[in-house]
Amino acid sequence: MTSSPPLLSTEVASSDARLRQTIRLLGNLLGETIIEQEGQAVFDLEEEIRALSKAQRSGDPEAGQQITAITRELVKDAEKTRAVLKAFTTYFQLVNLAEERQRARVLRERAYQAQSEKQPMRETIGAAVRTLREEGCTAAELQALIDDLFIMPVFTAHPTEAKRRTVMLKLRGMTEYLAQLDSGTLLPDEETEVIERIQETIVTLWQTDETRDRRPTVLDEVRQGLYYFENTLFDLVPRIYYEFERALREHYPDHEFQIPVFLRYGSWMGGDRDGNPYVTLGISEATLREQKSTVLNLYTRAVENLYGHLSMARTRMTFSLEFQESLRRDFDLVPPEELDVLERFRLEPYRQKMILVYRRLKATLQQNEQPWDKQTPNPRAYASAEEFVRDLTLVQNSVRQNQGKRVSEGRFANLVRQARIFGFHLATLDIRQHSDRHRQAMAAILYRYYSKIDPTFDYLSLSEKDKIRLLETELNSDRPLTARLDFDDDTNETVSVFRLIRKAHLQVSEQSVQSYITSMTTSASHMLEVLLFAKDAGLFGQIDVVPLFETIEDLENAPSIMENLFEIPIYQEHLRRRGNRQQIMIGYSDSNKDGGYLRANWMLYQAQRALARTCDSHNVRLTLFHGRGGSIGRGGGPANRAILAQPPESIRGRIKVTEQGEVISNRYSNRDIGHRHLEQLVNAVLLTSSNRPHYEQEEAWGAILEDVSARSERMYRTLVDDPAFLQYFGEATPIDFINQLNIGSRPAKRKQTTGVADLRAIPWVFAWTQSRVNLPGWYGLGSGIGAWIDEDPGGERLRTLQQLYKDWPFFRTVIDRAQFSLRRADMGIAALYAELTDESVREQVYPTIAEEFRRTEEVVLSITGQSEILDNEQWLQRSITLRNPYVDPLNYIQVALIQQLRSQPRLEGELRQPILLSVNGIAAGLQNTG
C-alpha cells in the first residue's frame, strides 16, 4: 500500500510476476485511497502495524508485544480502529481479486498449451473420456453410463458468505477491469482510464459499509443465488454439454451418443424450512415464481439476440412442412392489430416464428407475475417448458433439413440446450424440514381419527413397530388424511407444504420440486410419515422422500433403517414409481461436531459403502446427496479430489452435493473458474463410475481406520465434554459476535446451548476459524493415529500408514485436508484469544488444544514424509505464508476490542461495529468462514 502505481505490463513472462504486479497495483491504489480518505496518519499507522507483523513472522520476539500495545491503544479510538480494520479488509478483498484473476489466467494458459499439443488438459471432460477409452470402455458401456448420469450441485442459503451483495458487485466490476488490463489490446490512454475506474471503485468500496444493518430476508438470499444463474450458469452449463459432445466425437468417432439432461442445478433457498421460521408457504411460492421469471427473462434476451440471426428467406431456402404448419397455427392466435409487424417479415418465416416465441414468453412472464391462486389461463402464454422446447426444435430441425446443419448446431443449439436444462423452473427447489415437525403434525392428525376409537390413543408413545404398522395402514387406505385444515398452525403449515408442491408441479413443472428432505432421520417411520403426507397431497410416487443422516449414531444406523424401509410393500411401490431410485443425504457438519474430524470422515466413508450395499441388495439405484460445507470441518475442499476419494460403488454416475455461501461466490463469480469447477466435477464422476482400482488390502486398511478413528473420537469427546470447554469456546472465540452478523435469514441459534450438540455447525466452525484454531479440521487426528503408531516401536505401523497415504485416495484426502487446516491455524494467535478466558478455564483447555496441534503436525509430517505442512501444495503454502502478516493484525485488533468491551460493557454500541468489521476482515484474509 505504498508508492505510486506502475501500469500493468501485459508482456510479463512469469505468471507469478504478473500476480505480484497486480497486487502491487491494487495495493498502491488502496494506499492512495486511504491517504485521501483518512489522512497520512492512518496510513502510517496501518503500515507500522503491518511491518511489525512481518517482523514477528520473521522471528522478532518483541514485535508481537509492540502490536499488542499499539492495538490496545488503538481500540480506544473507535473511528481510527474502523479505518485500520477497513484498510486490511479492503486489502484482502483486492488480493483475493488478484488471485482469482491469476487463477483464470493460468487456466487459460494451460488450456491454450493443451490445445496446441492436441492433448486434453488434466481433470477435464476430454481427459475423462480419453481415460475411459484407454481403459477399454466400449461405446455401448459408455452410453449406458451416460443414460443414468446425474450431477446436481445444490445452492443452499447457509450463512457463510460474509460479503454484502453490494460489495460483491463492486468486486465483480473490478474483475472485469483487471481482465481488460490483461487483454494486451489497450492503448496507453485506455490503460490509464481503466486504472482510474479501478481506483474510483476502490473509493466507493472504502465508503461502503462492510456489514449489513439488517438480516437478509429469505427472498434476498434467493435473489443472491439467482445472480449466479443470470451472470454465469445460464451460459456456462450448456458449454459443459458441448464439450462433452465434442470429447465423445473425438474419442468415439464411430458412435453417435445421446446425451440426456445430466447436469442441472438445485437450490434450498426458499425451500429449507429446518430451523428457519421465515421460510413460509408464501415465500416458497414466491421463490418458485421468481426462479421462473428469471429464466423467462433470460430466454427472452436470448431469443431477441437470435432474431436477426435467423434471416433465411423464402427466396433462398425452403422450410419444413411441420415448421410451416406450426407457423400457421401460431398466426391463428395473433390479434389483427399485431399482424402488421409479422407481415413485414413475410419472406423470413424464422424471424416471424422468433417474434411469436418472444411474445409468448412475454405473455408467460406477465402471467407469472400474479400469485398462483390469481392466475387465469392465457392461450398466448406457454403452458409448459415442453411447449417452448417444441417450438425451438421445430425451427432447429427445419434449419438442419434445409442446408443449415452448421447454423442449427451453432448459437441456436445453445438456446435449445438451455431450454432443456433449465426448463421453466431454472433450478429444482428442495424442501427440507425437521423430523420432529412431521412427527408432531402426524400425531395431531391421527389423534383426530383414532381418539374416537380409543380416547387414550397417543401416536408419539407407540413403538417404532406399531408406528410403521399404523402408517402402512394409512398409506394403503383410500381415505384422505386431511379433508380440512383445521388443526393447529404448525400442523396446517406442514400439510400445506405438500399441497404447495403439487401446485408447483402444475404451475411450473414436475422438475420444480423433486426432493423432500427430512433432517435428523432416525427411523423408518420418519420416512413413512413424509410419504403419507405426500400421498395425501396426490404426490405418491411423484417426489423423492429423502432421509438426512447427520450424527455418528445416525450414520451407523442408516443402512438398517433403509433395509427396513425397502422391505415395506407400500414403500416398494413408491420406489417402483420413482424408477427404483433412492436418494439419501449424509451430513458432514454435525457428524464432525459429534465425533471429531477423523471419526466423522471414516464413518461417512463407511456409511456410503454400507448404503450402497443395502441398495444393491434390494435392486435400488442409489443417489447420495453430500451435505458439504465450505470449510474442511464441514466436508469442504476440492470437489474433484473429494469425489475420487469416495467409495466407487457409492457414486456410479449419480451425485448431489451442496454448495453454499462463500463457496458459491468463489466458484461462480468468475466464469473461467466456474467452468473449471464444473469440468472437474464431471471428470471425477465419470472416472469414479468406471473401472476404479480395487485394493486387496482395503479390508485391513479399514480395520486400521476403525481403530485410529475410534481413538481420535475419544480424544475429541474428552475435550468437548469437559465442563470448562463450552465456557472456553464462548470466551476464547468471537462466537457471540458471529451470531450478530447479518449474513443469513435463519436464526443464529437453535435453542439454549447446554452442550456442543446444541451449537449450529456453521457458527461453530466460523468461530474456530476466526481464532485461528481451526479445531474442527484436525483435532483428535494426532492422538488417534499417534497412539496407534507408538504401540509399534519397530516402525512397521508408520510404514503402513505411509503406504496408505500413497495408495489410498480416501486416506490421502483426509490427511491433506488436515494439512490445509493446520497450515491456516496458528497457535500463537490462538494463545491471544485464550487470554480472553478465565485463567482456570484457560489452563484446563488451551494447553490440551496446543499439545494436540503439535502432535497432529508431527503425525502428519511423519506420514507424508514432508519437512513442513503443505510442502505438497507449495502454491497454497506460499499464499498462506504471504497472507499471515496481514491477517495477524486483524486478530490482534479483534482481541483488543473484545477485551475493551468486556472491561467496559457500556461501550457496546460503539465497539460492536468494529468487532463485526474485524470478523469480516479475518474471513476475507483466510478466505473462509464456516
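Read on for an overview of the structure. These figures come from a predicted structure and were not determined experimentally.

### Section: the packing of helix α10 (residues 281-307) against helix α13 (residues 349-368)
- Where α10 contacts α13, the axes come no closer than 9 Å and their chain directions differ by 160°. One way to sum up the angle between α10 and α13 is to call them roughly antiparallel. The two elements α10 and α13 cross, and the hand of that crossing is left-handed. On the side of α10, the interface is formed by Arg-289, Lys-292, Ser-293, Leu-296, Asn-297, Tyr-299, Thr-300, Val-303, Glu-304, Leu-306 and Tyr-307, while α13 contributes Arg-351, Met-354, Ile-355, Val-357, Tyr-358, Leu-361, Lys-362, Thr-364, Leu-365 and Asn-368.
- Across the contact of α10 with α13, the residue classes break down as 11 nonpolar, five polar and five charged.

### Remarks on the pairing of strand β7 (residues 581-587)
- For β7, a buried count of six out of seven residues is recorded, marking the element as mostly surrounded by other parts of the structure.
- Looking at chain direction, strand β6 (residues 544-549) and β7 are connected through two bridges and run parallel. Paired with Phe-549 across the bridge in β7 is Ile-586.
- Here β7 pairs with strand β8 (residues 621-627) via seven bridges, running parallel. Its bridge partner lying in β8, Arg-581 is registered against Arg-621.

### A few points about the packing of helix α4 (residues 78-116) against helix α7 (residues 165-182)
- At their nearest, the axes of α4 and α7 sit 10 Å apart, and the two run at 45° to each other. If you check the angle between α4 and α7, you find them oblique. As for how α4 packs across α7, the hand of that crossing is right-handed. Residues Gln-93, Leu-94, Leu-97, Glu-100, Arg-101 and Arg-105 of α4 form the contact with α7, whose own contacting residues are Val-167, Leu-171, Met-174, Thr-175, Leu-178, Ala-179 and Asp-182.
- For the contact of α4 with α7, a count of residues per class yields seven nonpolar, two polar and four charged.

### A few points about unusual backbone geometry
- The backbone of Gln-403 sits at a positive phi, close to 55°, despite the residue not being glycine.
- Overall, Gln-403 belongs to the exposed group, its relative accessible area being 69%.
- Residues other than glycine seldom take positive phi values, yet Met-520 does so here, at roughly 55°.
- Along the chain, Met-520 falls in the loop between β5 (515-519) and α20 (524-536).

### Topic: the pairing of β6
- Counting buried residues in β6 gives six out of six residues, a clear majority hidden from the surface.
- Burial along β6 is two-sided: Asp-544, Val-546 and Leu-548 and Val-545, Pro-547 and Phe-549, pointing in opposite directions, are all buried.
- Where β5 meets β6, four bridges bridge the pair, whose relative direction is parallel. What sits directly across from Ser-515, in β6, is Asp-544.
- This β-α-β element, β5 to α20 to β6, shows right-handed connectivity.

### Concerning the pattern of salt bridges
- The final tally for this structure, using the stated rule, is 70 salt bridges.
- Glu-73 is the partner of Lys-76 in a salt bridge, and the nearest nitrogen-oxygen pair spans 3.4 Å.
- Under the relative-accessibility criterion, Lys-76 is labelled exposed at 52%.
- Connected through shared salt-bridge partners, Arg-18, Arg-101, Arg-105, Glu-109 and Asp-182 make up one network.

### Observations regarding the nonpolar core
- Tyr-571, Trp-764, Ile-785, Phe-811 and Ile-849 are the most contacted members of the largest nonpolar core, which has 127 residues in total.
- Per-element tally for this core: the top contributor is helix α24 (residues 597-617), with 11 residues.
- With 89 residues, the next largest nonpolar core counts Val-295, Val-334, Phe-345 and Leu-678 among its residues.

### A closer look at helix α34 (residues 809-824)
- Between its first and last C-alpha atoms α34 spans 23 Å; for 16 residues at 1.5 Å apiece the expected length is 22 Å, and the two agree.
- Where burial is concerned, most of α34 is hidden: 15 out of the 16 residues are buried.

Conventions used here
- Residues numbered from 1 in each chain as written.
- Predicted model: local features only at pLDDT ≥ 70, side-chain atom pairs only at ≥ 80, totals over all residues.
- Heavy atoms only, no water.
- Axes fitted to C-alpha atoms, helices over the stretch in contact; angles between N-to-C directions.
- Helix = DSSP H or I, 4+ residues; strand = E, 2+ residues; numbered from the N terminus.
- Parallel < 35°, antiparallel > 145°, perpendicular 65-115°, else oblique.
- Left-handed = near helix turned anticlockwise from the far one by under 90°.
- Contact = heavy atoms within 4.5 Å.
- Nonpolar A, V, L, I, M, F, W, Y, C, P; charged D, E, K, R; others polar.
- Buried < 20%, exposed > 50% of the residue type's maximum accessible area, 1.4 Å probe, protein only.
- Pairing = 2+ DSSP bridges.
- Right-handed = clockwise from strand over helix to strand, strands pointing away.
- Salt bridge = Lys/Arg side-chain N within 4 Å of Asp/Glu carboxyl O.
- Core = buried A, V, L, I, M, F, W, Y, C linked by side-chain atoms within 4.5 Å.
- Expected span 1.5 Å × (residues − 1).

Geometric descriptors of this kind do not, in isolation, establish any biological role.
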